[in-house]
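Structure at a glance
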Amino acid sequence: MPTDRHAETAPQTDHDAVAALRERLTAHADERPDAPAVRWRTAAGWSETTWRELAGTARRVAERATAELPAGRAVVVATVNTGAHVAVLLGLLAAGFDVVLVEHDSSYLADPLSAVYTARPCAVVAAADGPRPAGSGELRRLAVEDLVAGPAPAQWPDQAPGSATVLQLTSGSTGEPRAAAVPLGSALRGGALYRDLFDLDERDTILAAVPLAHSFGFVGALCAAVLSGATLALLVRFTGRGLVEGLDAGVTALLATPFVYGLVPDLLHGRRRPDRLRVALCSGGALTTAAASAASGRLGCPVRQIYGSTETGLIACHFGRPQPWPAEGVGGFVPGVRWRVEPVADCDAGRLLVRTSTMFTGYVGRGRAEALRPDGYYDTGDLVDVNGAGDVTIVGRKATFINVGGRKVNPRRLERLIGELPGVRAVHVWGLPDARGNEEIHAVVELAPGTGPAAVIAGCRQRLTAYEVPHHVHAVDRLPRTALGKVSAAALRDLIADRSTGAPDGTTATRRGTRT
């Protein structure tokens, strides 16, 4: 098991987190001022900012936010993977603000009932040409470009030691997504785990092929880079070309989803292996043994599975050890994790409960009591098998949410928003694997006369993020229901199976057109 080589640079308590973040940024700026801190790729090419520039810009953001925004209030940041957005995130947190992380193109921003607004934020920070927040009133809109402009102050603004909170949207286990409150200290301790488990330091370049708004990107990439001094490389928009360019430029660590690793064999076909890549981490869903093997062969290093959640942080992973890991497992428990497995009737596996050093404190508006057991353990909802050596295998995962390319989509929320579209009388949404094993979103709808499934897809494109738009919308006269009035999942699956074989039993629209 790797040792915690840099424990002194990660806050041991949440109360010290703001001071710890400021100290690391200042130290990098003083000791390695001209070393690259963040590199990011846009359509025009790669841009770069140094540690001196990043720390100075973060101080500028902290100064302006402290002067203009009410203390103790949350700020929503519609994140884009650029150096300016990194500076905004770090500056707000270093000023002691709670930060709600959300992707810049998320449909949650336009939904006043979404978890984005449960923390009652005082402002939304987005690119000047970015999204407009839902509602009005006291909610301010600040442009990233304005926050980062101007000379950098020499010192951080006055701020008592304390812990800011990172609020991240999470699927939880049921219902609408919630905002999980992760103390900045927990996030930094999580970054220290990544740093220590995978021996990251200032010689490394970490390529995050995931959004910074996701826990994997924020903790595993950004926090790990801040604590290790590694360069953080970002793709503003994921493309195969951008990934290949990053690897060719000497990336040493790659963080990506199973979907991305599934593309690697084709993207690198006929090309030489990356020269410097030594760490490849995968999170956001299960990675099949075949996909891991194929990607590892092209990358020249093993693809290591990461298992955790927004609520708990890192739970288990394939860290370096002499003996091989079981092919279907997710690795061993990482330092700071306490765990137990509760028996499940008629099942050889049990439900995994954990306590970690990177734990969240609860869901906004609901608190700790609902989120955790009385003894402080969190129920992951996953069925696991743990062998005598402590190797963890996930036997079954939470089945409620749909995994679209590593992004979790809540079918109940889609049902609510699709049900609000004109002409939709009833809707049921769930995920089914396609021929390659990737999950696709299916929506079965009862429609009013004159409304077709293609119109539903068009409406979804206006209200939802691209990956949330159903792959298939199936029109039926009436949703099949059980005697208790619940939608019959079995009957719906039979219906979709019939349509996939060409049975003429209704109309189905797909994202790319309409077929009957």
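Above: the structure in question.
So, here's what we can say about the structure. Only a predicted model underlies this, so the values are computations on that prediction, with no experimental measurement involved. (Residues numbered from 1 in each chain as written. Predicted model: local features only at pLDDT ≥ 70, side-chain atom pairs only at ≥ 80, totals over all residues. Heavy atoms only, no water.)

Another point: the overall build of the protein. Helix and strand content of the protein: 13 helices and 27 strands. Its C-alpha atoms give the protein a radius of gyration of 23 Å, near enough to 24 Å, the size a compact globule of 516 residues would have. With respect to the three principal axes, the spread of C-alpha positions in the protein is 70 × 60 × 55 Å. When burial is assessed residue by residue, the protein has 56% of its 516 residues classed as buried. Considering only residue pairs separated by 6 or more positions, the protein has 65% of its internal contacts joining residues 24 or more positions apart. (Helix = DSSP H or I, 4+ residues; strand = E, 2+ residues; numbered from the N terminus. Rg over C-alpha atoms; globule rule 2.2 N^0.38 Å. Buried < 20%, exposed > 50% of the residue type's maximum accessible area, 1.4 Å probe, protein only. Contact = heavy atoms within 4.5 Å.)

Among the secondary structure elements, Thr-79 is positioned in strand β3 (residues 74-79). Among the residues examined, Thr-79 registers a relative accessible area of 4% and is labelled buried. Not counting chain neighbours up to four residues away, the residues in contact with Thr-79 comprise His-85, Leu-89, Leu-101, Val-102, Glu-103, His-104 and Ala-213.

Here strand β11 (residues 253-256) shows a buried face lined by Ala-253 and Leu-255 and a second buried face lined by Leu-254 and Ala-256. Pairing of strand β9 (residues 205-208) with β11, which is carried by 3 bridges, proceeds in the parallel orientation. Pairing of Ala-208 across the sheet is with Leu-255, part of β11. Sheet analysis places β11 next to strand β12 (residues 279-282), joined by 4 bridges and oriented parallel. Each residue of the ladder has a partner; that of Leu-254, found in β12, is Ala-280. With helix α8 (residues 258-267) bridging β11 and its parallel neighbour β12, the resulting β-α-β unit is right-handed. (Pairing = 2+ DSSP bridges. Right-handed = clockwise from strand over helix to strand, strands pointing away.)

With that settled, the discussion passes to the packing of aromatic side chains. Counted according to the given criterion, the structure contains 6 aromatic pairs. Relative to Trp-339, the ring of Phe-333 has its centre 4.6 Å away and its plane inclined at 15 degrees; by these criteria the two rings are stacked. Centre to centre, the rings of Phe-360 and Tyr-363 are 5.1 Å apart; their planes meet at 65 degrees, and the pair counts as edge-to-face. By relative accessible area, Tyr-363 is classed as buried at 5%. Aromatic rings pair up to connect Tyr-194, Phe-198 and Phe-216 into one cluster. The side chain of Arg-321 reaches across the aromatic face of Trp-325, ending 3.4 Å from its centre. The ring of Tyr-377 has Arg-340 sitting right over it, with the charged end atom 4.5 Å from the ring centre. (Phe/Tyr/Trp six-rings, centres within 6.5 Å; stacked < 30°, edge-to-face > 60°. Lys NZ or Arg CZ within 6 Å of the ring centre and 35° of its normal.)

Turning our eyes to something else, we now look at helix α6 (residues 215-228). Owing to its 3.6 residues per turn, the α-helix aligns residues three or four sequence positions apart on the same side. When you tally the buried positions in α6, you get 14 out of 14 residues, the bulk of the element. Remark: Gly-229 follows α6 within two positions and exhibits a positive phi of approximately 85 degrees.

What follows deals with the layout of surface pockets. Left-over empty space is what a probe sized like a water molecule reveals as it rolls over the atoms. Its volume calculated, the second largest pocket comes out at about 520 Å³. The wall of the second largest pocket is formed by 23 residues, among which Leu-287, His-318, Pro-326, Ala-327 and Gly-329 lie closest to the centre. For the lining of the second largest pocket, the secondary-structure elements that each account for two or more residues are α9 (289-299), β13 (303-309) and β20 (391-396). Broken down by element, the residue count for the lining of the second largest pocket peaks at 4 residues, all from α9. Here the residues of the lining of the second largest pocket are counted per class, giving 12 nonpolar, 8 polar and 3 charged. (1 Å grid on protein atoms, 1.4 Å probe; cavity = no way out; pocket = protein on both sides within 12 Å on 5 of 7 lines; lining within 4 Å. Points joined across faces, edges and corners; volume = space filled by probe spheres on them. Nonpolar A, V, L, I, M, F, W, Y, C, P; charged D, E, K, R; others polar.)

Between its first and last C-alpha atoms helix α1 (residues 17-31) spans 21 Å; for 15 residues at 1.5 Å apiece the expected length is 21 Å, and the two agree. For α1, the complete set of buried residues consists of Ala-17, Val-18, Ala-20, Leu-21, Arg-22, Arg-24, Leu-25, Ala-27, His-28 and Ala-29. Against the buried residues of α1 lie α2 (51-68), α3 (83-94), α5 (184-197) and α6. (Expected span 1.5 Å × (residues − 1).)

Turning our attention to the pairing of strand β2 (residues 45-50). Pairing analysis gives 6 bridges linking strand β1 (residues 36-42) to β2, with the strands arranged antiparallel. Looking at β2, one finds that Trp-40 is bridged to Ser-47. The antiparallel hairpin formed by β1 and β2 contains 2 residues in its connecting segment.

As summarised here, the arrangement of the 7 strands in space is β6-β5-β3-β4-β7-β8-β18, forming an open sheet in which the pairing is mixed. The outermost strands of the open sheet, each flanked by one partner alone, are β6 (140-143) and β18 (362-363). Pairing of β3 with strand β5 (residues 123-126) involves 3 bridges; the strand directions are parallel. What sits directly across from Val-77, in β5, is Val-125. Where α5 meets the sheet, its contacts fall on β7 (165-170) and β8 (178-183), and the angle it forms with β8 comes to roughly 75 degrees. (Axes fitted to C-alpha atoms, helices over the stretch in contact; angles between N-to-C directions.)

Glancing now at unusual backbone geometry. Its identity as a non-glycine residue notwithstanding, Arg-120 has a phi of 50 degrees, on the positive side. Counting through the fold element by element, Arg-120 comes out in the loop between β4 (98-103) and β5. At Asp-199, a residue that is not glycine, the phi angle is positive and equals roughly 55 degrees. Structurally, the position occupied by Asp-199 is in the loop between α5 and β9. For Asp-199, a relative accessible area of 42% translates into the label partly exposed.

Another aspect to go through is empty space enclosed by the protein. Scanning the entire structure with this criterion turns up 3 cavities of 30 Å³ or more. Size it by volume and the largest cavity reaches roughly 40 Å³. Taken together, Leu-21, Leu-90, Leu-93, Leu-184, Leu-188, Phe-218, Leu-222, Cys-223 and Val-226 make up the lining of the largest cavity. At the level of elements, α3, α5 and α6 are the ones that each hand at least two residues to the lining of the largest cavity.

The next subject is the side chain of Glu-103. Within the element layout of this structure, Glu-103 appears in strand β4. Here the side chain of Glu-103 touches His-214 through a polar contact of 2.9 Å, side chain to side chain. At a separation of 2.9 Å, a polar atom in the side chain of Glu-103 contacts the side chain of Arg-407. (Polar contact = N/O pair within 3.5 Å; in protein donor to acceptor, adjacent residues only side chain to side chain.)

With respect to the element layout, Thr-170 can be found in strand β7. Classification of Thr-170 as buried rests on a relative accessible area of 8%.

Bringing the packing of α1 against α6 into the picture now. Angle between the axes and distance between the axes: these two values describe a pair of packed helices. For the pair α1 and α6, interaxial distance at closest approach is 8 Å and the crossing angle is 60 degrees. Considered as vectors, α1 and α6 are oriented oblique to each other. Taken together, the residues of α6 that come into contact with α1 (itself represented by Leu-21, Arg-24, Leu-25 and His-28) are Ala-225, Val-226, Leu-227 and Ser-228. Its residues assigned to classes, the contact of α1 with α6 shows 5 nonpolar, 2 polar and 1 charged. (Parallel < 35°, antiparallel > 145°, perpendicular 65-115°, else oblique.)

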